[in-house]
Amino acid sequence: MVRGMIALLAGTLVSASAYAQTPAAAPTATTATADTAKQIATMQTKLNDWPQLSRYRDANASLPSVAADERRVVFYGDSITDAWAKKPEEFFPGKPYVGRGISGQTTPQMVVRFQQDVVHLKPAVVVILAGTNDIAGNTGPSTPEMIEDNFESMVAIANANNIKVILSSILPADHYNWQPGAHPAEQIREMNTRLKELCRKYGLVYLDYYTAMANASGGMNPDLAKDGVHPTSKAYAMMSPLAEKAIAEALAH
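Residues numbered from 1 in each chain as written. Predicted model: local features only at pLDDT ≥ 70, side-chain atom pairs only at ≥ 80, totals over all residues. Heavy atoms only, no water.

An unreviewed UniProt entry annotates the chain as Lysophospholipase L1-like esterase originating from Edaphobacter modestus.

**Re the overall build of the chain**
Defined as follows: Helix numbers and strand numbers start at the N terminus; a helix is a DSSP run of H or I with at least 4 residues, a strand a run of E with at least 2. Only protein chains enter the accessibility calculation, which uses a 1.4 Å probe. A residue is then buried if its area is under 20% of the maximum for its type, exposed if over 50%, and partly exposed in between. Every residue pair with non-hydrogen atoms within 4.5 Å of one another is taken to be in contact. Surface exposure here means Shrake-Rupley accessible area, sampled with a 1.4 Å probe, where a residue is shielded only by the protein chains that are shown.
Helices and strands together make up the secondary structure of the chain, namely 11 helices and five strands. Within the span of the chain, comprising 253 residues, buried residues form 43% of the whole. Residue pairs at least 24 apart in sequence account for 75% of intrachain contacts in the chain once pairs closer than 6 positions are excluded. Counting only carbon and sulfur atoms, one obtains 58% of the accessible surface of the chain, whose full area is about 12800 Å².

**Regarding the pattern of salt bridges**
Using the following cut-off: The working definition used for a salt bridge is a side-chain nitrogen of Lys or Arg within 4 Å of a carboxyl oxygen of Asp or Glu.
In the structure shown here, the tally under the stated rule is 12 salt bridges. Taking the shortest distance from any N to any O, the salt bridge between arginine 55 and aspartate 82 comes out at 2.9 Å. Separated by 27 residues along the polypeptide, arginine 55 in the loop between α2 (29–48) and α3 (57–62) and aspartate 82 in helix α4 (residues 79–85) bring together distant segments of the chain. Note on aspartate 82: relative accessible area 7%, which makes it buried. Where glutamate 244 meets lysine 95, a salt bridge forms, and the shortest distance between an N and an O atom there is 3.0 Å.

**Examining the side chain of aspartate 134**
Threshold: Two N or O atoms form a polar contact when they lie within 3.5 Å of each other; inside protein one atom must be a possible hydrogen donor and the other a possible acceptor, and for residues adjacent in sequence the pair counts only when both atoms belong to side chains.
Checked against the element boundaries, aspartate 134 lands in helix α7 (residues 132–136). There is a polar contact of 2.6 Å between the side chain of aspartate 134 and the side chain of threonine 107. Excluding residues that lie within four positions of it along the chain, aspartate 134 makes contacts with Thr106, Thr107, Pro108, Gly140, Ser142, Ile147 and Asn150.

**Considering helix α9 (residues 185–202)**
To be explicit about the condition: Any helix carries an expected span of 1.5 Å times its number of residues minus one. Working note: the arc is built from the helix axis to C-beta atom directions.
Spanning 18 residues, α9 covers 26 Å between terminal C-alpha atoms, matching the ideal 26 Å at 1.5 Å per step. For α9, the set of buried residues is Ala185, Ile188, Met191, Asn192, Leu195, Leu198 and Cys199. The buried residues of α9 all sit within an arc of 130 degrees when viewed along its axis, so they share a single face. Projecting away from the buried face of α9 at angles above 90 degrees are the exposed residues Thr193, Arg200 and Lys201. Looking at the buried side of α9, the elements it contacts are α7, α8 (144–160), β4 (164–168), β5 (205–207) and α10 (210–213). Phi for glycine 203, located one or two positions after α9, is positive at around 70 degrees.

**Some words on the side chain of arginine 72**
Following the sequence through the fold, arginine 72 ends up in the loop between α3 and β1 (73–77). Arginine 72 gets classed as buried once you look at its relative accessible area, which sits at 5%. A polar contact is formed between the side chain of arginine 72 and the backbone oxygen of leucine 121, at a distance of 2.8 Å. For arginine 72, the residues in contact, after removing those within four places along its chain, are Leu63, Pro64, Ser65, Val66, Pro96, Val98, Leu121, Lys122, Pro123, Ala124 and Val125.

**Digging into the packing of α8 against α9**
The test is simple: Interaxial angle, 0 to 180 degrees, is taken between N-to-C directions of lines fitted to C-alpha atoms, where a helix line uses only the stretch in contact. An angle below 35 degrees is read as roughly parallel, one above 145 as roughly antiparallel, one from 65 to 115 as roughly perpendicular, and any other as oblique. Note on convention: the crossing is left-handed when the near helix lies turned anticlockwise from the far helix by less than a right angle, right-handed when the turn is clockwise. Residues are sorted three ways: Asp, Glu, Lys and Arg are charged, Ala, Val, Leu, Ile, Met, Phe, Trp, Tyr, Cys and Pro are nonpolar, and all the rest, Gly among them, are polar.
It is the contact of α8 with α9, at a shortest axis distance of 11 Å, that shows an interaxial angle of 30 degrees. Judged on the interaxial angle alone, α9 and α8 are roughly parallel. Relative to α9, the crossing made by α8 is right-handed. Contact residues: Pro144, Glu145, Ile147, Glu148, Phe151, Glu152, Val155 and Asn159 in α8; Glu190, Met191, Arg194, Leu195, Leu198, Lys201 and Tyr202 in α9. Residue classes in the contact of α8 with α9 are distributed as eight nonpolar, one polar and six charged.

**Quick word on the packing of aromatic side chains**
Our working definition: Whether two aromatic rings pair depends on their centres lying within 6.5 Å, for rings of Phe, Tyr and Trp, where Trp uses its six-membered ring; planes under 30 degrees apart make the pair stacked, over 60 edge-to-face, and the rest tilted.
Counted according to the given criterion, the structure contains 11 aromatic pairs. Between the aromatic rings of tryptophan 84 and tyrosine 209, the centroid separation amounts to 6.4 Å while the plane-to-plane angle is 65 degrees, which identifies the pairing as edge-to-face. In this pair, tryptophan 84 is assigned in helix α4 and tyrosine 209 in the loop between β5 and α10, connecting sequence segments 125 residues apart. As far as burial versus exposure is concerned, tryptophan 84 and tyrosine 209 are alike and both buried. A network of ring pairs unites the aromatic residues Phe75, Trp84, Phe91, Phe92, Tyr97, Tyr209 and Tyr236 as a single cluster.

In C-alpha cells:
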C-alpha cells in the first residue's frame, strides 16, 4: 500500500515537473528533479511512521516510574502543546507534568499513539488539546463527526485505564497561514460545542481557553498569537492558571 502511494506520488510529481517545464525553464530541470526526489523522500519518511511513534519513544523509556505520592499529568496534543511543554519551569514550576505534543498532528494520529504516549506513562490525568489541524485538513478532510469520534476514542481508552480526562477547547483561529483558503472560526466554535457536550456526557472536565482568548472575529489578537494560531508567551500565561484549575478539578473528582 505504502509503496503504491509512493509510486503514485512520484509519478504525479514527475509529471507535474515535466508539465511545468518550458523552453526558457529547461536549464532548471536538474533542480526540479532533485526537489521532486526530496519531496518523495520526505513523504516516505512520514508514511513509514504516520503517527510519529518514534518522536517520544526514547523519552518514554527514560521517564522515571510514577512515585507513590505523585499525580502525574500528561499534556497531549499538537504544536500548541509541543511548544508549551518545552518550557515547563516557566509555566508549571515544580509540577509533575509531562508534555507529549507533536506539531501538526491531527486527532486520528493521536488516537494511534495514545497508548504509547499516555497510557504507558501511567498518569492520573491527561489534558487533551487538539482539533485545529483536523479542521485545517492536515491529514485529509475531516467532518465534525470524524473529529468527535476520535476524541471519544481517546476518552474511552483513558477511562478503561482509570485516567481522568480534561478536554480543552480548540483555541480561536480565523485563518491558517498554511491553508490560505480556510476560514475556520465557525468550525472551531462548532467543535467546541461538541467537546463541551462530550464532557457533559462522560462527566469530564472541560477546559475553556476559547472564551478568554477569542476576539470578535473568532480569532486571536496578535499579542496572543502572532500568526493567528500559535500562542505567545502572554497567551500561555493566560492558559496556565486555567489549566491548573482544570487539573485540580479533575483530581478532586
